[in-house]
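Summary of the model geometry
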Amino acid sequence: MENEDPLAPPPASTPAGASDGAAAEPSPPARKRPRPGERRVQILQALAAMLEQPGAERITTAALAARLSVSEAALYRHFASKAQMFEALIDFIEQSVFSLVQQIAECDRPPAERAAQVLRMLMQFAEKNPGMVRVMVGDALVLEHERLQQRMNLFFDKLEAQWRQILRGGPSASDTPTADAQLRATLLVGFAMGRLQRFCRSGFRRLPSEQLDGSLALVLQGL
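Residues numbered from 1 in each chain as written. Predicted model: local features only at pLDDT ≥ 70, side-chain atom pairs only at ≥ 80, totals over all residues. Heavy atoms only, no water.

On to the overall build of the protein chain. Helices and strands together make up the secondary structure of the protein chain, namely 9 helices and 0 strands. Taken over 223 residues, the protein chain has a buried fraction of 39%. By sequence separation, contacts in the protein chain at least 24 residues apart represent 67% of the contacts at least 6 residues apart. Surface summary for the protein chain: the accessible area is close to 12900 Å², and the carbon and sulfur share equals 52%. (Helix = DSSP H or I, 4+ residues; strand = E, 2+ residues; numbered from the N terminus. Buried < 20%, exposed > 50% of the residue type's maximum accessible area, 1.4 Å probe, protein only. Contact = heavy atoms within 4.5 Å. Areas by Shrake-Rupley, 256 points an atom, 1.4 Å probe, with all protein chains shown as cover.)

Glancing now at helix H7 (residues 146-167). The terminal C-alpha atoms of H7, which comprises 22 residues, lie 32 Å apart, in line with the 32 Å expected from a rise of 1.5 Å per residue. Every buried residue of H7 is accounted for by Leu 148, Arg 151, Met 152, Phe 155, Phe 156, Leu 159, Glu 160, Gln 162, Trp 163, Arg 164, Ile 166 and Leu 167. Residues of H7 that are buried in the fold lie against helix H4 (82-106), helix H5 (111-128), helix H6 (130-136) and helix H8 (179-201). Just downstream of H7, Gly 169 is the residue with a positive phi angle, here 110°. (Expected span 1.5 Å × (residues − 1).)

It is worth spelling out the side chain of Arg 114 at this point. Here Arg 114 shows up in helix H5. No salt bridge is formed by the buried Arg 114. Its closest oppositely charged neighbour is Asp 108, at 7.0 Å. Leave out the neighbours within four places in its chain, and Arg 114 touches Ile 104, Ala 105, Cys 107, Arg 109 and Ile 166. (Lys, Arg positive; Asp, Glu negative; His and termini not counted. Salt bridge = Lys/Arg side-chain N within 4 Å of Asp/Glu carboxyl O.)

Looking now at the packing of aromatic side chains. One pass over the structure, following the stated rule, counts 4 aromatic pairs. With centroids separated by 6.2 Å and ring planes inclined at 35°, the aromatic side chains of Phe 92 and Phe 125 adopt a geometry described as tilted. Highlighted residues: Phe 92 in helix H4 and Phe 125 in helix H5, separated in sequence by 33 residues. For Phe 92, a relative accessible area of 37% gives the class partly exposed. Measuring from ring centre to ring centre gives 5.0 Å for Phe 155 and Phe 156, while their planes differ by 90°; the resulting arrangement is edge-to-face. Using a relative accessible area of 1% as the deciding quantity, one classes Phe 155 as buried. (Phe/Tyr/Trp six-rings, centres within 6.5 Å; stacked < 30°, edge-to-face > 60°.)

This part covers H5. Look at H5: 26 Å from first C-alpha to last across 18 residues, which is about the 26 Å you get at 1.5 Å a residue. Of all the positions in H5, only Ala 112, Arg 114, Ala 115, Ala 116, Val 118, Leu 119, Met 121, Leu 122, Met 123, Phe 125 and Ala 126 are classed as buried.

For residues with low pLDDT, the predicted coordinates do not support detailed interpretation. This prediction gives the protein chain a mean pLDDT of 84; 78% of its residues lie at or above 70. Least confident of the elements in the protein chain is helix H9 (residues 212-219), whose mean pLDDT is 90; most confident is H4, at 97. For residues 1-23, every residue scores under 50 in pLDDT, and the model assigns this stretch 25 contacts once sequence neighbours within four places are set aside. (pLDDT = per-residue confidence, 0-100.)

Closest axis-to-axis distance for the H4/H7 pair is 11 Å, and the angle between their directions is 5°. Judged by the inter-axis angle, H4 sits roughly parallel to H7. Counting all contacts with H4, which are made through Ala 83, Phe 86, Glu 87, Ile 90, Asp 91, Ile 93, Glu 94, Val 97, Phe 98, Val 101, Gln 102 and Ala 105, the residues of H7 involved are Arg 147, Leu 148, Arg 151, Met 152, Phe 155, Lys 158, Leu 159, Gln 162 and Ile 166. (Axes fitted to C-alpha atoms, helices over the stretch in contact; angles between N-to-C directions. Parallel < 35°, antiparallel > 145°, perpendicular 65-115°, else oblique.)

A separate point is the pattern of salt bridges. One pass over the full model with this rule turns up 11 salt bridges. Across the pair Asp 139 and Arg 134 runs a salt bridge whose closest N-O atoms are separated by 2.7 Å. Note on Asp 139: relative accessible area 28%, which makes it partly exposed. A salt bridge links Asp 180 to Arg 184; the nearest nitrogen and oxygen atoms lie 2.9 Å apart. Placement of both Asp 180 and Arg 184 in helix H8 is noted, with a separation of 4 residues, approximately one turn of the helix. Several salt bridges converge on common partners, so that one network encompasses Arg 58, Lys 82 and Glu 144.

If you want it as structure tokens, here you go:
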């Protein structure tokens, strides 16, 4: 990882009077500054990678800076605090998941199939991004700012609302969800949170997609 040092100075020109045949001293390659936004992405990628270590303790900015071979001051040029780094990860989770939820909700399939597909997508996202799961279940947010956990609580509330809407037939249906849709949406979000917790607590060994279809058949039976 390259340091945040300024660009190296340009090589000196050939001194006057030097022989035309004399070879110039090779200059060291110039250090390149990261492109705009590149260092920010590197910081978030490093944080996510550190979260993927099973049993990892609370991550400090000092440890994160050491992983990137930069100073802590270099981190704070891109994020005002560690809380902002976690907020950026939560932004990624929300945008990734709900953009796909919207696509699934709008497709022309029976409600039960769409509800099941949302859960499968969430489990696939978790398996591809285990570090993010520690954020989603709150494990990585212990001792961090309270608003971070509140945002993840709202994430699951919104997910439950999406399931409720799908199961009652979509946005064209009645604004008052049926008791059955409410119950099944609550079961789905609780099931999803439990799978994510188990994945995290097992050191990412118990995959959330394990026996998923059979479980979904029970939750969505009769639809």
